[in-house]
Amino acid sequence: MIVLSRCFSVLVLTLAAIPATGWLLLVCADLHSLTDCLSPQPGWTGFALICALSLVLPPALYVWPDHTRPLSVILRETARAVLLSFALCAIFFLLCARAFFDWIHLPDIMLPMAAFTIAPVFSCPLLYVSYKTVSLLLPRSGPALPAPRSVRAFGAISLALVLMLFLLPFTPTEGIGSAVLHTGGLDMICEGWRFFALRYVIAERGNVGFVPAWGCCCLLSLLEMFRALPGAEGADPLLMAVLAALMIAGTVCLLLPSSRRWLC
């Protein structure tokens, strides 16, 4: 019951923080006259949403399983981690956004789509900064016992998945893997980075709070592959099947009783 109350409280804080953080990012864009924060274009809305999720979700996933601290401390430090992470993001955005968009020489009408396109790339360092901030504010010890066989199997399976996602965009054969995630090569690399980060915090740090994030990322990737399947050619169907098998096998390993007892 205590775990559920903590999870619900952090969830409420997260749901409140995501739109607020996203709107503040739009305000930063408005200061550079890139968009109107009161009526932003869809591309800028997507950019703000992706960045807000990257800033808010890591602290929420990190803290909700913590039962060693009072709930008030957890909520306070989670909010502080989000604010500090957003402050760093806002400083970087205010210093570099206008120079970057001037450098790419796009018409103003194309800037919203450009912002949405670079959002997955921009979200990768945001995820790292947000996680490191909350881990410094609320340090947690990992599992005391060595990882069981199921967690070690997850580590090997997830490593194979990450390597495939990193290497597919660089394969010399033209067209191979082009429809695997229904995205371009850069987005596939970003997807691999996110899976790598989740693998680290789960398999190496033993943080059970990120297991739902692993499942959600796998589900979204499977849905994208299913949508791209009708247009798959060449080796794409085989690559999709291998990636799907790795995602499902890794998720099953995390759901085994030995993994649930070890994760904390």
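Above this text is the structure in question.
Report follows, based on the coordinates. Model, not experiment: these values are computed from the prediction.

Parameters at a glance
Residues numbered from 1 in each chain as written. Predicted model: local features only at pLDDT ≥ 70, side-chain atom pairs only at ≥ 80, totals over all residues. Heavy atoms only, no water. Axes fitted to C-alpha atoms, helices over the stretch in contact; angles between N-to-C directions. Helix = DSSP H or I, 4+ residues; strand = E, 2+ residues; numbered from the N terminus. Parallel < 35°, antiparallel > 145°, perpendicular 65-115°, else oblique. Left-handed = near helix turned anticlockwise from the far one by under 90°. Contact = heavy atoms within 4.5 Å. Nonpolar A, V, L, I, M, F, W, Y, C, P; charged D, E, K, R; others polar. Buried < 20%, exposed > 50% of the residue type's maximum accessible area, 1.4 Å probe, protein only.

## Examining the packing of helix H5 (residues 149–167) against helix H8 (residues 236–255)
So, point 1. At their nearest, the axes of H5 and H8 sit 9 Å apart, and the two run at 155° to each other. It follows that H5 is roughly antiparallel to H8 by the angle criterion. Between H5 and H8 lies a crossing of left-handed hand. Contact with H5, carried on its side by Ser150, Ala153, Phe154, Ile157, Ala160, Leu161, Met164 and Leu165, involves Leu239, Val242, Leu243, Leu246, Met247, Ala249, Gly250, Cys253 and Leu254 of H8 and no other residues of that element.
So, point 2. A class-by-class count of the residues in the contact of H5 with H8 yields 15 nonpolar, 2 polar and no charged.

## A closer look at the side chain of Asn207
So, point 1. Topologically, Asn207 is positioned in the loop between helix H6 (185–204) and helix H7 (211–228).
So, point 2. The class for Asn207 is buried, based on a relative accessible area of 5%.
So, point 3. Once residues lying within four places of it in the same chain are set aside, the contact partners of Asn207 are Leu61, Tyr62, Pro65, Arg140, Val201, Ile202, Leu263 and Cys264.

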